[in-house]
Amino acid sequence: MTNPYRGLPSVDRVLQHDAVTALRARFPEALVTAQARAALESARALIGSDAGTAESAATRDGAADAAISVDGIAASVVARVEETARASLRPVINASGVILHTNLGRAPLPESAIEAMAEVGRGYSNLEFDLAAGERGSRLSHLDRLLQATTGAEAGLVINNNASALMFVLTAFALEREVIISRGQAVEIGGGFRIPDVCRQSGARLVEVGTTNRTRASDYGNAVSEDTAALMRVHASNFKIVGFTEEPSLRELRSVASEHGILFLDDIGSGCLLDTTRYGLAPEPTPQESLAAGADLVLFSGDKLLGGPQAGIIVGRAALIDQLRRHPLARALRSDKATTAALAATLRHYLLGEAESEIPVWRMISASAERMRERAEAWRGALDAGQVEASESMIGGGSLPGEGLPTFVLAIAQPEPHRLAAALRRAETPVVGRVERESVLLDPRTVAESEEAAFLATVRSALG
Ligand SMILES: *Cc1c(COP(=O)(O)O)cnc(C)c1O
(Lines give C-alpha, C1' and ligand atoms only; values in the text may rest on other atoms or scores of the structure.)
Protein backbone atom coordinates (compact mmCIF):
# COMPACT_ATOMS: atom_id res chain seq x y z
CA MET A 1 0.00 0.00 0.00
CA THR A 2 1.36 3.45 -0.90
CA ASN A 3 1.88 6.05 1.81
CA PRO A 4 -1.27 8.20 1.60
CA TYR A 5 0.61 11.28 2.85
CA ARG A 6 2.97 11.19 -0.16
CA GLY A 7 0.29 12.66 -2.40
CA LEU A 8 0.24 15.90 -0.39
CA PRO A 9 1.96 18.91 -1.99
CA SER A 10 4.75 20.79 -0.23
CA VAL A 11 4.18 24.22 1.33
CA ASP A 12 6.16 25.74 -1.56
CA ARG A 13 4.02 24.07 -4.16
CA VAL A 14 0.88 25.43 -2.48
CA LEU A 15 2.41 28.92 -2.37
CA GLN A 16 3.19 28.70 -6.12
CA HIS A 17 -0.40 27.77 -6.99
CA ASP A 18 -2.04 30.51 -9.14
CA ALA A 19 -4.82 31.23 -6.66
CA VAL A 20 -2.34 31.55 -3.80
CA THR A 21 0.07 33.70 -5.81
CA ALA A 22 -2.78 36.15 -6.41
CA LEU A 23 -3.47 36.12 -2.68
CA ARG A 24 0.17 36.91 -1.86
CA ALA A 25 -0.10 40.09 -3.88
CA ARG A 26 -2.91 41.33 -1.58
CA PHE A 27 -2.04 40.00 1.89
CA PRO A 28 1.08 39.78 4.07
CA GLU A 29 3.40 36.90 3.15
CA ALA A 30 3.51 35.63 6.74
CA LEU A 31 -0.29 35.31 6.93
CA VAL A 32 -0.50 33.38 3.64
CA THR A 33 2.36 31.04 4.60
CA ALA A 34 0.86 30.38 8.03
CA GLN A 35 -2.51 29.57 6.50
CA ALA A 36 -0.88 27.33 3.85
CA ARG A 37 0.73 25.34 6.65
CA ALA A 38 -2.58 25.20 8.54
CA ALA A 39 -4.45 24.03 5.41
CA LEU A 40 -1.86 21.28 4.85
CA GLU A 41 -2.15 20.29 8.50
CA SER A 42 -5.90 19.79 8.17
CA ALA A 43 -5.46 17.83 4.92
CA ARG A 44 -3.01 15.61 6.81
CA ALA A 45 -5.56 15.19 9.60
CA LEU A 46 -8.23 14.28 7.03
CA ILE A 47 -6.00 11.55 5.61
CA GLY A 48 -5.13 10.41 9.11
CA SER A 49 -8.79 10.05 9.99
CA ASP A 50 -9.43 7.49 7.24
CA ALA A 51 -5.92 6.03 6.91
CA GLY A 52 -6.68 4.67 10.35
CA THR A 53 -9.50 2.62 8.88
CA ALA A 54 -8.67 -0.41 6.76
CA GLU A 55 -9.96 0.84 3.40
CA SER A 56 -7.93 4.06 3.17
CA ALA A 57 -7.56 5.78 -0.19
CA ALA A 58 -9.41 3.14 -2.18
CA THR A 59 -12.78 4.07 -0.71
CA ARG A 60 -12.19 7.72 0.12
CA ASP A 61 -15.03 9.72 -1.36
CA GLY A 62 -14.61 12.34 -4.07
CA ALA A 63 -15.06 15.28 -1.72
CA ALA A 64 -12.22 14.14 0.51
CA ASP A 65 -10.01 13.53 -2.52
CA ALA A 66 -10.63 17.07 -3.74
CA ALA A 67 -9.87 18.46 -0.28
CA ILE A 68 -6.36 16.95 -0.27
CA SER A 69 -5.54 17.83 -3.90
CA VAL A 70 -3.32 20.85 -4.52
CA ASP A 71 -6.33 22.76 -5.93
CA GLY A 72 -8.39 21.88 -2.87
CA ILE A 73 -5.66 22.96 -0.48
CA ALA A 74 -5.10 26.21 -2.40
CA ALA A 75 -8.84 26.92 -2.22
CA SER A 76 -8.75 26.33 1.52
CA VAL A 77 -5.81 28.77 1.87
CA VAL A 78 -7.81 31.42 -0.02
CA ALA A 79 -10.86 30.86 2.20
CA ARG A 80 -8.79 31.03 5.38
CA VAL A 81 -6.99 34.22 4.43
CA GLU A 82 -10.19 35.95 3.21
CA GLU A 83 -11.87 34.94 6.47
CA THR A 84 -9.14 36.71 8.45
CA ALA A 85 -9.93 39.97 6.67
CA ARG A 86 -13.70 39.63 7.05
CA ALA A 87 -15.39 41.08 10.13
CA SER A 88 -16.01 38.26 12.55
CA LEU A 89 -18.02 40.36 14.99
CA ARG A 90 -21.24 41.21 13.21
CA PRO A 91 -24.91 41.95 13.78
CA VAL A 92 -27.26 39.12 14.68
CA ILE A 93 -31.05 39.24 14.77
CA ASN A 94 -32.21 38.19 18.22
CA ALA A 95 -35.53 36.36 17.92
CA SER A 96 -35.00 34.48 21.19
CA GLY A 97 -37.21 36.81 23.18
CA VAL A 98 -34.44 37.27 25.77
CA ILE A 99 -34.13 41.05 25.95
CA LEU A 100 -30.73 41.31 27.69
CA HIS A 101 -28.79 38.44 26.16
CA THR A 102 -25.19 38.66 27.39
CA ASN A 103 -23.92 36.43 24.55
CA LEU A 104 -25.62 38.70 22.02
CA GLY A 105 -24.13 41.91 23.37
CA ARG A 106 -26.76 42.87 25.99
CA ALA A 107 -28.57 46.16 25.39
CA PRO A 108 -29.04 47.46 21.83
CA LEU A 109 -28.26 51.18 21.99
CA PRO A 110 -30.67 54.06 21.51
CA GLU A 111 -30.33 55.75 18.12
CA SER A 112 -29.15 58.93 19.86
CA ALA A 113 -26.32 57.01 21.55
CA ILE A 114 -25.16 55.54 18.24
CA GLU A 115 -25.13 59.01 16.67
CA ALA A 116 -23.26 60.45 19.64
CA MET A 117 -20.59 57.73 19.41
CA ALA A 118 -20.17 58.32 15.68
CA GLU A 119 -19.85 62.06 16.18
CA VAL A 120 -17.17 61.98 18.85
CA GLY A 121 -15.42 59.11 17.10
CA ARG A 122 -15.16 60.85 13.76
CA GLY A 123 -13.30 63.91 14.94
CA TYR A 124 -11.95 65.67 17.99
CA SER A 125 -14.13 66.60 20.95
CA ASN A 126 -14.02 68.50 24.24
CA LEU A 127 -13.65 65.18 26.08
CA GLU A 128 -11.19 66.64 28.59
CA PHE A 129 -11.16 70.25 27.56
CA ASP A 130 -13.02 73.07 29.26
CA LEU A 131 -14.08 75.19 26.32
CA ALA A 132 -15.08 78.21 28.44
CA ALA A 133 -11.79 78.38 30.32
CA GLY A 134 -9.59 77.05 27.52
CA GLU A 135 -7.91 74.58 29.84
CA ARG A 136 -7.89 70.93 30.82
CA GLY A 137 -11.28 69.56 31.88
CA SER A 138 -12.64 66.22 33.07
CA ARG A 139 -14.30 63.53 30.96
CA LEU A 140 -16.60 62.88 33.87
CA SER A 141 -17.97 66.41 33.69
CA HIS A 142 -20.15 65.28 30.77
CA LEU A 143 -21.96 62.80 33.01
CA ASP A 144 -21.95 64.49 36.42
CA ARG A 145 -25.20 66.37 36.28
CA LEU A 146 -26.98 63.64 34.32
CA LEU A 147 -26.09 61.05 36.95
CA GLN A 148 -27.11 63.39 39.76
CA ALA A 149 -30.43 64.21 38.12
CA THR A 150 -31.37 60.64 37.19
CA THR A 151 -30.27 58.83 40.36
CA GLY A 152 -30.41 61.52 43.04
CA ALA A 153 -26.72 60.93 43.90
CA GLU A 154 -24.35 63.65 45.10
CA ALA A 155 -21.76 62.48 42.57
CA GLY A 156 -20.87 59.67 40.18
CA LEU A 157 -18.04 57.96 38.35
CA VAL A 158 -18.08 55.81 35.22
CA ILE A 159 -15.56 53.07 34.50
CA ASN A 160 -15.23 49.97 32.32
CA ASN A 161 -17.97 47.69 33.72
CA ASN A 162 -19.65 46.74 36.97
CA ALA A 163 -17.23 43.93 37.80
CA SER A 164 -14.40 46.47 37.69
CA ALA A 165 -16.51 48.88 39.76
CA LEU A 166 -16.83 46.21 42.44
CA MET A 167 -13.08 45.56 42.51
CA PHE A 168 -12.23 49.23 42.41
CA VAL A 169 -14.49 50.23 45.30
CA LEU A 170 -13.21 47.37 47.47
CA THR A 171 -9.57 48.09 46.64
CA ALA A 172 -10.03 51.78 47.37
CA PHE A 173 -11.90 51.37 50.65
CA ALA A 174 -11.26 47.87 52.01
CA LEU A 175 -7.74 46.85 50.99
CA GLU A 176 -6.50 44.25 53.52
CA ARG A 177 -9.59 44.88 55.59
CA GLU A 178 -12.89 43.04 55.99
CA VAL A 179 -16.11 43.36 54.02
CA ILE A 180 -19.23 41.67 55.35
CA ILE A 181 -21.53 40.00 52.83
CA SER A 182 -24.53 37.68 53.18
CA ARG A 183 -24.03 34.01 52.21
CA GLY A 184 -27.17 34.25 50.11
CA GLN A 185 -25.52 36.95 48.01
CA ALA A 186 -22.14 35.34 47.32
CA VAL A 187 -23.37 34.54 43.81
CA GLU A 188 -22.03 33.54 40.42
CA ILE A 189 -22.89 36.23 37.88
CA GLY A 190 -22.31 34.25 34.68
CA GLY A 191 -19.51 33.03 32.47
CA GLY A 192 -18.14 31.24 35.55
CA PHE A 193 -17.41 34.52 37.35
CA ARG A 194 -18.23 34.62 41.05
CA ILE A 195 -18.75 37.71 43.17
CA PRO A 196 -16.56 36.38 46.04
CA ASP A 197 -13.65 35.77 43.63
CA VAL A 198 -13.97 39.22 42.08
CA CYS A 199 -14.05 40.74 45.58
CA ARG A 200 -11.06 38.77 46.83
CA GLN A 201 -9.07 39.95 43.82
CA SER A 202 -9.45 43.46 45.19
CA GLY A 203 -7.38 42.59 48.24
CA ALA A 204 -10.34 42.84 50.62
CA ARG A 205 -11.21 39.97 52.99
CA LEU A 206 -14.77 38.75 52.65
CA VAL A 207 -16.61 37.77 55.77
CA GLU A 208 -19.73 35.77 54.90
CA VAL A 209 -22.60 35.90 57.37
CA GLY A 210 -26.05 34.34 57.72
CA THR A 211 -27.27 31.36 55.72
CA THR A 212 -28.22 30.83 52.09
CA ASN A 213 -31.87 31.68 52.70
CA ARG A 214 -31.86 33.89 55.80
CA THR A 215 -29.60 36.69 56.92
CA ARG A 216 -30.57 39.25 59.57
CA ALA A 217 -29.28 42.72 60.34
CA SER A 218 -27.85 41.35 63.59
CA ASP A 219 -25.70 38.88 61.60
CA TYR A 220 -23.91 41.84 60.03
CA GLY A 221 -23.63 43.67 63.36
CA ASN A 222 -22.20 40.64 65.14
CA ALA A 223 -19.52 40.16 62.47
CA VAL A 224 -18.10 43.68 62.72
CA SER A 225 -14.53 43.80 64.03
CA GLU A 226 -11.81 46.43 64.22
CA ASP A 227 -10.79 45.36 60.73
CA THR A 228 -14.18 45.85 59.12
CA ALA A 229 -14.29 48.49 56.42
CA ALA A 230 -17.73 47.94 54.95
CA LEU A 231 -20.83 45.85 54.64
CA MET A 232 -22.00 45.10 51.17
CA ARG A 233 -25.28 44.06 49.66
CA VAL A 234 -25.07 42.23 46.32
CA HIS A 235 -28.34 41.94 44.48
CA ALA A 236 -28.91 38.24 43.71
CA SER A 237 -29.78 39.29 40.22
CA ASN A 238 -29.95 36.06 38.25
CA PHE A 239 -31.83 33.70 40.57
CA LYS A 240 -34.58 33.78 43.13
CA ILE A 241 -34.79 32.14 46.53
CA VAL A 242 -38.41 31.63 47.48
CA GLY A 243 -40.10 30.36 50.62
CA PHE A 244 -38.54 30.72 54.06
CA THR A 245 -36.28 33.67 53.36
CA GLU A 246 -35.18 36.83 55.12
CA GLU A 247 -33.00 39.76 54.18
CA PRO A 248 -32.54 42.98 56.13
CA SER A 249 -34.01 46.10 54.56
CA LEU A 250 -31.76 48.81 53.15
CA ARG A 251 -32.61 51.00 56.16
CA GLU A 252 -31.58 48.28 58.59
CA LEU A 253 -28.26 47.90 56.76
CA ARG A 254 -27.82 51.67 56.95
CA SER A 255 -28.31 51.57 60.73
CA VAL A 256 -25.80 48.75 61.21
CA ALA A 257 -23.22 50.62 59.11
CA SER A 258 -23.81 53.88 61.00
CA GLU A 259 -23.71 52.23 64.40
CA HIS A 260 -20.27 50.76 63.66
CA GLY A 261 -18.89 53.55 61.51
CA ILE A 262 -18.40 51.39 58.42
CA LEU A 263 -19.39 51.94 54.79
CA PHE A 264 -22.60 50.62 53.28
CA LEU A 265 -21.94 49.50 49.68
CA ASP A 266 -24.72 48.31 47.38
CA ASP A 267 -24.05 46.37 44.16
CA ILE A 268 -27.48 46.39 42.54
CA GLY A 269 -26.25 44.76 39.30
CA SER A 270 -28.67 46.10 36.75
CA GLY A 271 -28.97 49.89 36.59
CA CYS A 272 -32.74 49.97 36.57
CA LEU A 273 -33.97 53.56 36.75
CA LEU A 274 -37.66 52.88 36.07
CA ASP A 275 -40.31 51.16 38.15
CA THR A 276 -40.59 47.62 36.72
CA THR A 277 -43.91 46.95 38.48
CA ARG A 278 -45.56 49.28 35.96
CA TYR A 279 -44.93 46.56 33.38
CA GLY A 280 -46.28 43.73 35.49
CA LEU A 281 -42.78 42.67 36.57
CA ALA A 282 -41.37 42.13 40.06
CA PRO A 283 -39.67 45.16 41.60
CA GLU A 284 -36.00 45.53 40.63
CA PRO A 285 -33.70 47.55 42.91
CA THR A 286 -33.05 51.07 41.67
CA PRO A 287 -30.13 53.38 42.52
CA GLN A 288 -32.68 56.02 43.55
CA GLU A 289 -34.15 53.87 46.34
CA SER A 290 -30.71 52.64 47.51
CA LEU A 291 -29.38 56.16 47.79
CA ALA A 292 -32.56 57.39 49.46
CA ALA A 293 -32.22 54.58 52.02
CA GLY A 294 -28.69 55.74 52.77
CA ALA A 295 -26.27 53.53 50.80
CA ASP A 296 -22.87 55.25 50.67
CA LEU A 297 -22.03 53.95 47.20
CA VAL A 298 -24.26 52.18 44.68
CA LEU A 299 -22.75 50.17 41.80
CA PHE A 300 -24.42 49.08 38.56
CA SER A 301 -23.91 48.19 34.89
CA GLY A 302 -24.57 50.50 31.97
CA ASP A 303 -25.72 47.80 29.54
CA LYS A 304 -28.33 45.89 31.50
CA LEU A 305 -31.68 47.54 32.30
CA LEU A 306 -30.17 50.99 31.96
CA GLY A 307 -30.11 50.16 28.24
CA GLY A 308 -26.86 51.92 27.39
CA PRO A 309 -23.23 51.00 26.59
CA GLN A 310 -21.03 48.65 28.63
CA ALA A 311 -19.99 50.61 31.70
CA GLY A 312 -19.63 50.36 35.46
CA ILE A 313 -21.38 53.23 37.20
CA ILE A 314 -20.61 54.19 40.79
CA VAL A 315 -22.82 56.80 42.43
CA GLY A 316 -23.07 58.08 45.98
CA ARG A 317 -21.46 60.40 48.49
CA ALA A 318 -19.34 63.14 46.92
CA ALA A 319 -16.39 62.72 49.31
CA LEU A 320 -16.10 59.01 48.48
CA ILE A 321 -16.51 59.54 44.73
CA ASP A 322 -13.82 62.19 44.95
CA GLN A 323 -11.44 59.73 46.61
CA LEU A 324 -12.14 57.23 43.82
CA ARG A 325 -11.51 59.84 41.13
CA ARG A 326 -8.07 60.57 42.54
CA HIS A 327 -7.13 56.87 42.89
CA PRO A 328 -4.59 55.57 40.30
CA LEU A 329 -7.04 52.82 39.29
CA ALA A 330 -9.49 55.48 38.07
CA ARG A 331 -7.05 56.08 35.24
CA ALA A 332 -6.53 52.37 34.60
CA LEU A 333 -10.26 51.68 34.39
CA ARG A 334 -11.57 54.86 32.79
CA SER A 335 -14.17 54.67 30.08
CA ASP A 336 -13.45 55.95 26.59
CA LYS A 337 -15.03 58.80 24.68
CA ALA A 338 -17.48 56.62 22.76
CA THR A 339 -18.86 55.14 25.98
CA THR A 340 -19.02 58.56 27.61
CA ALA A 341 -20.98 59.93 24.65
CA ALA A 342 -23.35 56.96 24.46
CA LEU A 343 -24.03 56.91 28.18
CA ALA A 344 -24.76 60.64 28.26
CA ALA A 345 -27.20 60.23 25.35
CA THR A 346 -28.93 57.32 27.10
CA LEU A 347 -29.23 59.15 30.44
CA ARG A 348 -30.65 62.20 28.67
CA HIS A 349 -33.68 60.10 27.65
CA TYR A 350 -34.40 59.35 31.31
CA LEU A 351 -34.00 62.99 32.19
CA LEU A 352 -36.53 63.94 29.50
CA GLY A 353 -38.98 61.22 30.54
CA GLU A 354 -38.78 59.49 27.15
CA ALA A 355 -36.91 56.30 28.10
CA GLU A 356 -39.85 54.07 27.19
CA SER A 357 -40.01 55.30 23.62
CA GLU A 358 -36.32 56.01 22.93
CA ILE A 359 -34.38 53.25 24.71
CA PRO A 360 -34.73 49.90 22.90
CA VAL A 361 -34.67 47.80 26.09
CA TRP A 362 -37.63 49.72 27.51
CA ARG A 363 -39.40 49.82 24.18
CA MET A 364 -39.23 46.02 24.15
CA ILE A 365 -40.35 45.69 27.78
CA SER A 366 -43.27 48.06 27.33
CA ALA A 367 -44.55 46.60 24.02
CA SER A 368 -47.93 44.94 24.50
CA ALA A 369 -48.60 41.24 24.00
CA GLU A 370 -51.32 42.22 21.53
CA ARG A 371 -48.76 44.03 19.37
CA MET A 372 -46.56 40.90 19.48
CA ARG A 373 -49.52 38.83 18.29
CA GLU A 374 -50.02 41.17 15.33
CA ARG A 375 -46.38 40.97 14.35
CA ALA A 376 -46.18 37.19 14.74
CA GLU A 377 -49.34 36.87 12.60
CA ALA A 378 -47.76 39.09 9.94
CA TRP A 379 -44.64 36.86 9.96
CA ARG A 380 -46.80 33.76 9.57
CA GLY A 381 -48.56 35.36 6.61
CA ALA A 382 -45.32 36.44 4.96
CA LEU A 383 -43.61 33.07 5.43
CA ASP A 384 -46.66 30.86 5.08
CA ALA A 385 -45.19 28.67 7.82
CA GLY A 386 -45.64 27.89 11.50
CA GLN A 387 -48.33 28.98 13.87
CA VAL A 388 -48.76 31.79 16.35
CA GLU A 389 -48.65 30.70 19.99
CA ALA A 390 -48.73 32.41 23.37
CA SER A 391 -45.34 32.34 25.09
CA GLU A 392 -43.08 34.39 27.38
CA SER A 393 -40.24 36.79 26.65
CA MET A 394 -37.50 36.96 29.29
CA ILE A 395 -35.61 39.97 30.63
CA GLY A 396 -32.30 38.05 30.96
CA GLY A 397 -28.84 39.53 31.49
CA GLY A 398 -28.93 38.89 35.22
CA SER A 399 -32.05 40.93 35.81
CA LEU A 400 -35.46 39.93 37.07
CA PRO A 401 -34.88 36.15 37.28
CA GLY A 402 -37.88 34.05 36.40
CA GLU A 403 -39.81 37.10 35.27
CA GLY A 404 -41.53 36.63 31.95
CA LEU A 405 -43.44 39.07 29.79
CA PRO A 406 -46.47 37.61 28.00
CA THR A 407 -45.81 37.48 24.27
CA PHE A 408 -46.79 35.69 21.07
CA VAL A 409 -44.27 33.77 19.01
CA LEU A 410 -44.19 32.22 15.57
CA ALA A 411 -43.64 28.51 16.33
CA ILE A 412 -42.24 26.50 13.43
CA ALA A 413 -42.67 22.79 14.10
CA GLN A 414 -39.89 20.62 12.66
CA PRO A 415 -38.91 16.95 12.86
CA GLU A 416 -35.42 18.20 13.82
CA PRO A 417 -35.83 21.73 15.20
CA HIS A 418 -32.13 22.01 16.08
CA ARG A 419 -31.28 21.73 12.38
CA LEU A 420 -33.49 24.68 11.51
CA ALA A 421 -32.06 26.66 14.44
CA ALA A 422 -28.54 25.93 13.17
CA ALA A 423 -29.42 26.96 9.60
CA LEU A 424 -30.82 30.24 10.95
CA ARG A 425 -27.62 30.90 12.89
CA ARG A 426 -25.37 30.15 9.92
CA ALA A 427 -27.17 32.49 7.52
CA GLU A 428 -25.55 35.62 6.10
CA THR A 429 -27.71 37.63 8.51
CA PRO A 430 -27.87 35.20 11.43
CA VAL A 431 -31.12 34.76 13.35
CA VAL A 432 -31.09 33.32 16.86
CA GLY A 433 -34.34 31.66 17.91
CA ARG A 434 -35.35 29.42 20.79
CA VAL A 435 -35.91 25.67 20.50
CA GLU A 436 -38.72 24.29 22.61
CA ARG A 437 -39.90 20.71 22.22
CA GLU A 438 -40.43 20.12 18.48
CA SER A 439 -40.42 23.76 17.41
CA VAL A 440 -38.24 26.75 16.73
CA LEU A 441 -39.86 29.74 18.44
CA LEU A 442 -39.36 33.22 17.01
CA ASP A 443 -40.35 36.09 19.32
CA PRO A 444 -41.07 39.49 17.73
CA ARG A 445 -40.36 41.33 21.01
CA THR A 446 -36.58 41.34 20.52
CA VAL A 447 -36.63 41.85 16.73
CA ALA A 448 -36.57 45.54 15.78
CA GLU A 449 -39.11 46.48 13.11
CA SER A 450 -36.19 47.77 11.03
CA GLU A 451 -34.73 44.24 11.04
CA GLU A 452 -37.88 42.53 9.80
CA ALA A 453 -37.06 42.38 6.08
CA ALA A 454 -33.67 40.74 6.74
CA PHE A 455 -35.25 38.49 9.35
CA LEU A 456 -37.92 37.21 6.97
CA ALA A 457 -35.36 36.66 4.20
CA THR A 458 -33.18 34.53 6.50
CA VAL A 459 -36.09 32.44 7.79
CA ARG A 460 -37.50 31.96 4.28
CA SER A 461 -34.20 30.71 2.91
CA ALA A 462 -33.53 28.45 5.93
CA LEU A 463 -36.96 26.85 5.44
CA GLY A 464 -36.51 26.51 1.67
C1 LIG B 1 -24.04 41.70 36.11
C2 LIG B 1 -23.59 41.92 37.50
C3 LIG B 1 -22.25 42.30 37.76
C4 LIG B 1 -21.24 42.43 36.67
O5 LIG B 1 -21.53 43.51 35.86
P6 LIG B 1 -20.74 43.69 34.45
O7 LIG B 1 -21.20 45.03 33.98
O8 LIG B 1 -21.18 42.56 33.60
O9 LIG B 1 -19.30 43.67 34.75
C10 LIG B 1 -21.89 42.50 39.07
N11 LIG B 1 -22.77 42.38 40.08
C12 LIG B 1 -24.06 42.01 39.86
C13 LIG B 1 -24.98 41.88 41.03
C14 LIG B 1 -24.51 41.78 38.56
O15 LIG B 1 -25.78 41.42 38.35
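Residues numbered from 1 in each chain as written. Predicted model: local features only at pLDDT ≥ 70, side-chain atom pairs only at ≥ 80, totals over all residues. Heavy atoms only, no water.

Draft legend 1. Spotlight on the sheet that holds strand 14 (residues 387–396). Pairing in this open sheet of five strands is mixed, and the strands run 2-14-15-18-17 from one edge to the other. Sheet topology places strand 2 (98–100) and strand 17 (434–436) at the edges, where each strand pairs with a single neighbour. Each neighbouring strand pair of the sheet contributes to a mean axis angle of 40°, computed without reference to strand direction. Set on the sheet, helix 18 (residues 369–383) makes contact with strand 14, strand 15 (404–413) and strand 18 (439–442); between it and strand 15 the angle comes to about 10°. (Pairing = 2+ DSSP bridges. Helix = DSSP H or I, 4+ residues; strand = E, 2+ residues; numbered from the N terminus. Axes fitted to C-alpha atoms, helices over the stretch in contact; angles between N-to-C directions. Contact = heavy atoms within 4.5 Å.)

Draft legend 2. Quick peek at the layout of surface pockets. Size it by volume and the largest pocket reaches roughly 1,000 Å³. Around the largest pocket sit 34 residues that line it, and Pro108, Met364, Thr446, Ala448 and Glu451 are the ones nearest its centre. When contributions to the lining of the largest pocket are tallied by element, the ones reaching two or more residues are helix 6 (111–122), helix 17 (360–366) and helix 18. Per-class residue counts for the lining of the largest pocket are 17 nonpolar, seven polar and ten charged. (1 Å grid on protein atoms, 1.4 Å probe; cavity = no way out; pocket = protein on both sides within 12 Å on 5 of 7 lines; lining within 4 Å. Points joined across faces, edges and corners; volume = space filled by probe spheres on them. Nonpolar A, V, L, I, M, F, W, Y, C, P; charged D, E, K, R; others polar.)

Draft legend 3. Broad picture of the environment of Leu143. Here Leu143 is to be found in helix 7 (residues 141–151). Residue class for Leu143 comes out buried when judged on its relative accessible area of 1%. For the pair Leu143 and Leu347, spaced 204 residues apart in sequence, the C-alpha separation works out to 8.5 Å. Residues contacting Leu143, with those up to four places away along its chain left out, are Val158, Thr340, Leu343, Ala344 and Leu347. (Buried < 20%, exposed > 50% of the residue type's maximum accessible area, 1.4 Å probe, protein only.)

Draft legend 4. Spatial organisation of the domain arrangement of the chain. The domain architecture assigned to the chain consists of domain 1 (4–85), domain 2 (93–101 + 362–463) and domain 3 (111–358). A straight line from the C-alpha centre of domain 2 to that of domain 3 covers 33 Å. Contact with domain 2, which involves 14 residues of that partner, is made by 22 residues of domain 3. Applying the counting rule to domain 2 against domain 3 returns zero salt bridges. Viewed at the interface, domain 3 and domain 2 are joined by three residue pairs in polar contact (both at pLDDT 80 or more). (Domains from an automatic or database assignment. Salt bridge = Lys/Arg side-chain N within 4 Å of Asp/Glu carboxyl O. Polar contact = N/O pair within 3.5 Å; in protein donor to acceptor, adjacent residues only side chain to side chain.)

Draft legend 5. Up close: the nonpolar core. If you look at the biggest cluster of nonpolar residues, it comprises 83 residues, and the most contacted ones within it are Leu297, Ile314, Trp362 and Ile365. Here this core gets seven residues from one element, more than from any other, and that element is helix 8 (residues 162–174). Residue contributions to this core reach at least three from each of two domains, namely domain 2 (93–101 + 362–463) and domain 3 (111–358). Those residues in contact with Ile365, other than ones at most four positions away along the chain, are Ile99, Tyr279, Leu281, Leu305, Ile395, Leu405 and Arg445. (Core = buried A, V, L, I, M, F, W, Y, C linked by side-chain atoms within 4.5 Å.)

Draft legend 6. Here's a closer look at the side chain of His17. Along the chain, His17 turns up in the loop between helix 1 (11–16) and helix 2 (18–26). Looking at His17, the relative accessible area reads 19%, which means it is buried. Apart from residues lying up to four places away in sequence, His17 is in contact with Val70, Asp71 and Ala74.

Draft legend 7. Here's a closer look at the pairing of strand 10 (residues 228–234). With seven of seven residues buried, strand 10 is to be regarded as a mostly interior element. Relative to strand 10, strand 6 (residues 178–182) runs parallel, the two being bridged by four bridges. Note on strand 10: the bridge partner recorded for Ile180 is Leu231. When strand 10 meets strand 11 (residues 263–270), the two strands line up parallel, connected through five bridges. Each bridged residue has a counterpart across the sheet, and for Leu231 the counterpart in strand 11 is Phe264.

Draft legend 8. Highlighting the pattern of salt bridges. In the structure shown here, the tally under the stated rule is 27 salt bridges. Residue Arg44 is joined to Glu41 by a salt bridge in which the shortest nitrogen-to-oxygen separation is 3.1 Å. Residue Arg44 and its partner Glu41 are located together in helix 3 (residues 29–51), separated by three residues, close to a single helical turn. Classification of Arg44 as partly exposed rests on a relative accessible area of 34%. Three or more residues are tied together by salt bridges with common partners; here these are Glu128, Arg136, Arg139 and Arg334.

Draft legend 9. Quick peek at empty space enclosed by the protein. Enumeration according to the criterion identifies one cavity of 30 Å³ or more in this entry. In this structure, the largest cavity encloses a volume near 30 Å³. Around the largest cavity, the lining residues are Gln185, Tyr220, Arg233, Glu247, Pro248 and Leu253. In terms of residue class, the lining of the largest cavity is made up of three nonpolar, one polar and two charged.

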